[in-house]
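Chain by chain, the residues run as shown.
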Amino acid sequence: MGEICLTDEFILETHGLTKEFAGFFAVRDVNLKVKRGTIHALIGPNGAGKTTCFNLLTKFLKPSAGTILYKGQDITALAPADVARLGLVRSFQISAVFPHLTALENVRVALQRQHGASFDFWRSKSVLDQYNHRAEELLEDVGLSEFTKTPAVEMPYGRKRALEIATTLALDPEMMLLDEPMAGMGHEDIDKIAALIKRISAKYTILMVEHNLSVVSNLSDIITVLTRGKVLAEGSYADLTKDERVKEAYLGAGHG
Amino acid sequence: MTTITENAIPEPRRGTSDAMIAFVIMTALLLIVPLTGVYPFFVMQALCFALLACAFNLLIGYGGLLSFGHAMFLGTAGYFTAHALKVWGFTPELGILIGTLGAAALGVITGLIAIRRQGIYFAMITLALSQLLYFVYLQTPFTHGEDGIQGIPQGFLFGIFNLSKPITLYYVILAGFLLGFLLIYRAINSPFGEVLKAIRENEPRAISLGYKTDQYKLLAYILSGTLAGFAGSLKVFVAQNASLTDVHWTMSGEIVLMTLVGGLGTIFGPVVGAFVIIAMQQYLAGFGQWVTVIQGAIFVICVLTFRRGVIGEIAHYFKRSL
């Protein structure tokens, strides 16, 4: 029904999203609305349900209750690969690259999916060379030109995250879900990846889970705070810093 | 991923030319075998098992799926080909076609069931399915149960090549092996092979890129089963019989052993592994039942000391891809 995208202010919405694991509610009755073209951050203390929420949105987990609307279309019942095909692509907390493929090949795997021929077992893989140019462009875009021929496993951690983003961009998604893009990174890498995210946000809607609050404050247009599986507060960083409940959740419980 | 697949050799880099040289050497050696006085029956048998192991390796080495029931493809194709030749009086090429297609059909049916699970569960389902088939073949009249199908006429391939002449048979088997080997090599280095490797390396990520990974695994399984069946059909002409041994689970175990000894996820490893194991069975036959013990010991040593297998260790040492 929902091909009225231009008027749709919200690209992704959840209604009463709930995930129960044997009596424990990891995510409870979450109503999330992500505005098109924004960077939306999901924060909260450990165990607040952020990653579970991500897994629900990308269908890696099945919700116990609630619905998920993407561009007005109900995607609650779709398979994860189908969600990706609609342009809602996720990253993972642990850097998700194909370790023994080169950076170029990593990106090419993504390009190849959209253009078909992925089942052709009788053709030489040299037919994939047609994607090399586009793959090189994407790598250059995230500052990885020098790593084109390097197997992903040999790249520094921060560069792997950049490669992951390049691979995601290769799908030309409408919306990216980044699960802790800064996890395990040093200062220098954080600045680079933050600048990269800021830059790509001009074209894509981004929902990210992130622990690093300075990154969140610099990048995010809007922030949703989760605690114990529920939405505690939502607003801009400035609003939230004034919110007593948020302070308590972080200083009281999380960072005691 | 299982610990076994973690040892898989990385994607070929400057590998193409290395593999080409290795292929030329292998082909040259195999071409001159009849001149060297090596027992040709042994080499033909080893070639059939080498193709079988290569087909198996396509699935585990590049798809990350450990099948513990690959003997069912070998045996099924063998029975189909043997029956077509002996009872229906088909020509060799038609017999091979029927055997291979039979294995392909079996691949589709068992694949749809097995592919739903991963790791140890996948291995157990394939084992269970092959055991199920073993009992079917034990009971159905056309296989002649314990006796097997004996005295199969070899006939004339394409009406020209007299397969009862050992030298002709040798080159026909060699041609069949090379055809299968090249097909597998191509599949590994195809657009499909790239996706398969990506799935082996990181399946959740492949899914998040929009790949329906089950479909790729199913195709790999069917291809692997079909080529294993092709090996089984060729073997009928060498052994001139089709028996329960080829569907027994110990055969599935031997396929795993050959691949591990030679080098999992390497292109030439399974070939070397098959020759080593078949040679052991051939030349250590004097030790009787002890062959099994020796094989077991070699398996343990292999896993403990050179986990990458013969070719895998060589490739690793020279930083080449073979």
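Here the structure is a predicted model, which is why all the values come from computation and not from measurement.

The rules behind each value
Residues numbered from 1 in each chain as written. Chains lettered and ligands numbered in written order. Predicted model: local features only at pLDDT ≥ 70, side-chain atom pairs only at ≥ 80, totals over all residues. Heavy atoms only, no water. Phe/Tyr/Trp six-rings, centres within 6.5 Å; stacked < 30°, edge-to-face > 60°. Helix = DSSP H or I, 4+ residues; strand = E, 2+ residues; numbered from the N terminus. Buried < 20%, exposed > 50% of the residue type's maximum accessible area, 1.4 Å probe, protein only. Pairing = 2+ DSSP bridges. Axes fitted to C-alpha atoms, helices over the stretch in contact; angles between N-to-C directions. Contact = heavy atoms within 4.5 Å. Buried area = accessible area lost by both parts, 1.4 Å probe. Salt bridge = Lys/Arg side-chain N within 4 Å of Asp/Glu carboxyl O. Polar contact = N/O pair within 3.5 Å; in protein donor to acceptor, adjacent residues only side chain to side chain. Nonpolar A, V, L, I, M, F, W, Y, C, P; charged D, E, K, R; others polar. Patch = residues over 30% accessible without salt bridge, like charges linked within 9 Å, V, L, I, M, F, W, Y side chains within 5 Å. Areas by Shrake-Rupley, 256 points an atom, 1.4 Å probe, with all protein chains shown as cover.

Student: For this particular structure, what's the right way to read the packing of aromatic side chains?
Tutor: The geometry of an aromatic ring pair is captured by two quantities: the separation of the ring centres and the angle between the planes. Evaluated as defined, the whole model comprises 21 aromatic pairs over all chains. Each ring, one from Phe23(B) and one from Phe181(B), has its centre 5.8 Å from the other, and the planes form 15 degrees; the classification is stacked. Residue Phe23(B) is located in helix α2 (residues 15-36), and its partner Phe181(B) is located in helix α7 (residues 166-188); the two are separated by 158 residues in the primary sequence. The exposure class of Phe181(B) is buried, given its relative accessible area of 3%. With centroids separated by 6.0 Å and ring planes inclined at 85 degrees, the aromatic side chains of Phe122(B) and Tyr221(B) adopt a geometry described as edge-to-face. One end of the pair, Phe122(B), is in helix α6 (residues 119-139); the other, Tyr221(B), is in helix α10 (residues 213-239), with 99 residues separating them in the sequence. Since its relative accessible area comes to 0%, Phe122(B) is described here as buried. Ring pairing ties together the aromatic residues Phe119(A), Phe121(A), Trp122(A), Phe192(B), Tyr211(B) and Tyr216(B), which thus form one cluster.

Student: What exactly am I supposed to notice about the sheet that holds strand β11 (residues 230-235) of chain A here?
Tutor: In a beta sheet, neighbouring strands are held together by backbone hydrogen bonds and run either parallel or antiparallel to one another. All names here are of chain A. Taken in spatial order, the 6 strands make up an open sheet running β7-β8-β9-β4-β10-β11, and their pairing is mixed. Each end of this open sheet is capped by a strand with a single partner; those strands are β7 (88-90) and β11. For this sheet, the mean angle separating the axes of adjacent strands, direction not counted, is 20 degrees. Pairing of strand β8 (residues 175-179) with strand β9 (residues 205-209) involves 5 bridges; the strand directions are parallel. Bridging from a neighbouring strand, Met 175 pairs with Thr 205 of β9.

Student: Explain unusual backbone geometry here, please?
Tutor: Most peptide bonds are trans, and most residues other than glycine sit at a negative phi. Of note, Asp172(A) is a non-glycine position whose phi angle comes to about 55 degrees, a positive value. Along the polypeptide, Asp172(A) turns up in the loop between α5 (157-170) and β8. Phi at Gln240(B) takes a positive value of approximately 55 degrees, unusual for a residue other than glycine. Along the chain, the position of Gln240(B) falls in the loop between α10 and α11 (249-262). On the basis of relative accessibility, which here comes to 33%, the residue Gln240(B) falls in the partly exposed class.

Student: So what exactly am I meant to see when it comes to the environment of Ser95(A) here?
Tutor: Residue and element names in this part refer to chain A. Tracing the chain through its elements places Ser 95 in the loop between β7 and α3 (103-114). Exposure remark for Ser 95: the relative accessible area of 14% places this residue in the buried category. Ignoring any residue separated from it by four or fewer positions in sequence, one finds Ser 95 in contact with Tyr 157, Lys 160, Arg 161 and Glu 164.

Student: Looking at this structure, I do not really get the interface of chain A and chain B. What am I missing?
Tutor: Opposite the 40 residues of chain A that make contact, chain B presents 28 residues. Where chain A abuts chain B, roughly 3000 Å² becomes buried across the two surfaces, and 62% of that area is made up of carbon and sulfur atoms. Looking only at chain A, the three residues that lose the most surface to chain B are His100(A), Phe119(A) and Phe121(A), adding up to 23% of its buried area. On inspection of chain A and its partner chain B, the count reaches 3 salt bridges. Arg108(A) is paired through a salt bridge with Glu194(B); the nearest N and O atoms lie 3.8 Å apart. Remark: the boundary between chain A and chain B carries 16 residue pairs in polar contact (both at pLDDT 80 or more). Residue assignment for the side of chain A that touches chain B shows that the elements contributing at least two residues are α2 (80-85), β7, α3 and α5 of chain A. If you tally residues by element for the side of chain A that touches chain B, the top one is α3(A), at 6 residues. Tallied by class, the residues present in the side of chain A that touches chain B amount to 21 nonpolar, 8 polar and 11 charged.

Student: Looking at this model, I keep getting lost on a nonpolar patch on the surface. Mind explaining?
Tutor: Residue and element names in this part refer to chain B. Taken together, the side chains of Ile 21, Ile 25, Leu 29, Leu 31, Ile 32, Leu 35, Ile 167 and Tyr 171 present a nonpolar region at the surface, about 780 Å² in accessible area. At the level of secondary structure, the elements contributing two or more residues to the nonpolar patch comprise α2 and α7. When residues of the nonpolar patch are assigned to their parent elements, the largest contribution, 6 residues, is made by α2. Along the polypeptide, Ile 21 turns up in helix α2.

Student: It is not clear to me how the environment of Lys71(A) should be interpreted in this structure. Could you clarify?
Tutor: All names here are of chain A. If you trace the backbone, Lys 71 turns up in the loop between β5 (65-70) and β6 (73-74). You can call Lys 71 buried: its relative accessible area is 13%. Along the sequence, Lys 71 and Ile 165 sit 94 residues apart, while their C-alpha atoms lie 22 Å from each other.

The values reported here are purely geometric and, on their own, carry no functional implication.
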